Amino acid sequence: MKESFEKLQKHLERSAALGVAMGLFYWDGDTLAPKEASEYTAKVLAILSAEQFDIMMGETTRELLAACEQEEKPSEEEEAILRVIHRQFENLEKIPKDDFARFQELTTKAHVVWREAKEKNDYALFAPTLQEILDMSRKFASLRVKEGQAPYDVLLNDCEEGFTMDILDPFFAKMKEEIVPLLRKVQENPVPKLPVHSCPLDKQRAFNCTLATYIGFDFNRGAIGETEHPFSDALHTHDVRIATHYYEDNPESGLFSTIHEAGHSIYEQQINPAYNLTPLGGGGSCALHESQSRFYENMIGRRPSFWKPLYASMQEAMPEAFEKISLEEFLREINRAEASLVRTEADELTYSLHILVRYELEKQLFSGELTVEQLPEAWNAKYKEYLDVVPPTDTEGVLQDVHWSSGSFGYFPSYALGSAIAAQIFACMQKQMPVDQQLEEGNLQPVKDFLREHIHRWGKVKTTRQLLLETTGEDFNPQYYIDYLKEKFGR
Ligand code: ZN
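Residues numbered from 1 in each chain as written. Predicted model: local features only at pLDDT ≥ 70, side-chain atom pairs only at ≥ 80, totals over all residues. Heavy atoms only, no water.

1. Describing the nonpolar core
The biggest cluster of nonpolar side chains holds 139 residues, and the ones touching the most others in it are F171, L255, F295, F306 and W307. Structurally, this core is a two-domain feature, drawing no fewer than three residues from each of domain 1 (3–144) and domain 2 (154–491). Those residues in contact with F295, other than ones at most four positions away along the chain, are I300, A422, I425, F426, M429, V447 and L451. Within the second largest apolar cluster, 5 residues are counted, among which are L18, M22, L45 and I55. (Core = buried A, V, L, I, M, F, W, Y, C linked by side-chain atoms within 4.5 Å. Buried < 20%, exposed > 50% of the residue type's maximum accessible area, 1.4 Å probe, protein only. Domains from an automatic or database assignment. Contact = heavy atoms within 4.5 Å.)

Following this line, the structure appears as structure tokens:
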């Protein structure tokens, strides 16, 4: 690495170390920390994050960055460092400091208001705050637009570099055109649900650890805890934490949370360790991260070939739940599709339609076509049109997600993109190796190696679209996802 980049790296290591410390607090706060810790932990976190902000945005960073920019012929990694840091700067530079602080305060407050509104099923309580958040988000985006750019595109590009409306519009149009009619057909021939089958939590815990190891999670460089809403948190490649959740009467929920989070975590464990504590460390974009978790959860974890060599040992480990259920019945259960009201509980087929609703509404909110007041009605109308269900309450409707209360506009599409990217990578993998045969032999290593070689090891060096192009030979192409869903659920 060139000297100027080494100096920059040395300087930024402090900020990265603070990031690791905060990451550990977040994981701990949601798993093991005692309830009364939260007040002081919040104070500690505020101090650490202010410190981190000062390092990142300070004069020294700017001077070192300017020196790096003078370097001739930077390497691919050095160029990536400049790109990543510029994205962080660009985000904050044009926004007046006072406004930024006011927005932080507003969204902290909004979280409490949103929760109360959701609990009381009272949208009117949340609407004025949402209006303020929308106004400020729109203002910030307008300050940052480049010539001819729509404000909403600024926010989309923040979440997913290069995935703006020119790519998302045709993607979601295809979903609407192909998946909505497919869902109608599925709804005409519903697959019955299995009767309730319970299993003691201890047995679930033990089997889920076996399962995580089976698919490739390394317990020497990771740990599993429990929480209300499953998530993963990577400190660096050698310490990756999973938080999962087990329900006594729904062991499938735990299984697929574990596989999903292990997918996120295997990604983090396979990044080139040389990038630890550098701006290149950690996974790429949100959509790319989500593509890896969904790859393991859906492409691999719901396949018959995956369960064939594993099912008998699961029956043995959790006889209370699975002794009387055949492999075929189990496979039918985990691949069932049914339109529901709540995004986080949606299945593989309907998930992207929940995102379609949010994408269209956000676009209309930003263009001014839709007002905050009209939002619940528009929400329900779109659920009726695409999923053929209508939320009986706003709690299960427009108030269900936390995102808007934190000002996260433009974030939802990442979830749907993750599934589509996973399908594109899987189609490519299948052309290069006999995936089903390997899975039937109980050999998950080739899948893990393929993902490390093409995706994981790069950390933040390459953008999502670049990785897709280099791995699959083409830019983002949602057709693979549509074909995958049509083939599977058409059957
Ligand atoms: Zn995820």
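2. Looking at the coordination of the zinc ion
Of the protein atoms, only H260 (NE2), H264 (NE2), E290 (OE) and E290 (OE) coordinate the zinc ion, at distances of 2.1 to 2.8 Å. For the zinc ion, the 4 donor atoms in the first shell make angles of 48 to 124° at the metal, so the coordination geometry reads as irregular. Mapped onto the sequence, the donors of the zinc ion take the spacing H-x3-H-x25-E. With H260 in helix α10 (residues 251–269) and E290 in helix α11 (residues 286–300), the pair connects residues that are 30 residues apart, well separated along the chain. When its relative accessible area of 11% is taken as the criterion, H260 is described as buried. (Donors = N, O, S within 2.8 Å, 3.2 Å for Na, K, Ca; no water. Tetrahedral: all angles 85-135°; square planar, octahedral: opposite > 155°, others 65-115°. Helix = DSSP H or I, 4+ residues; strand = E, 2+ residues; numbered from the N terminus.)

3. Side note on the pairing of strand β3 (residues 239–244)
With respect to burial, β3 is a largely interior element, 6 of its 6 residues being buried. By the bridge criterion, 5 bridges tie strand β1 (residues 222–226) to β3 in an arrangement that is parallel. When the sheet's bridge partners are listed, E226 is paired in β3 with T244. Sheet topology note: the strand β2 (residues 231–236)/β3 ladder contains 5 bridges and is antiparallel. Bridge pairing in β3 links S232 to I242. Here β2 hands over to β3 after 2 residues, the two strands then running antiparallel side by side. (Pairing = 2+ DSSP bridges.)

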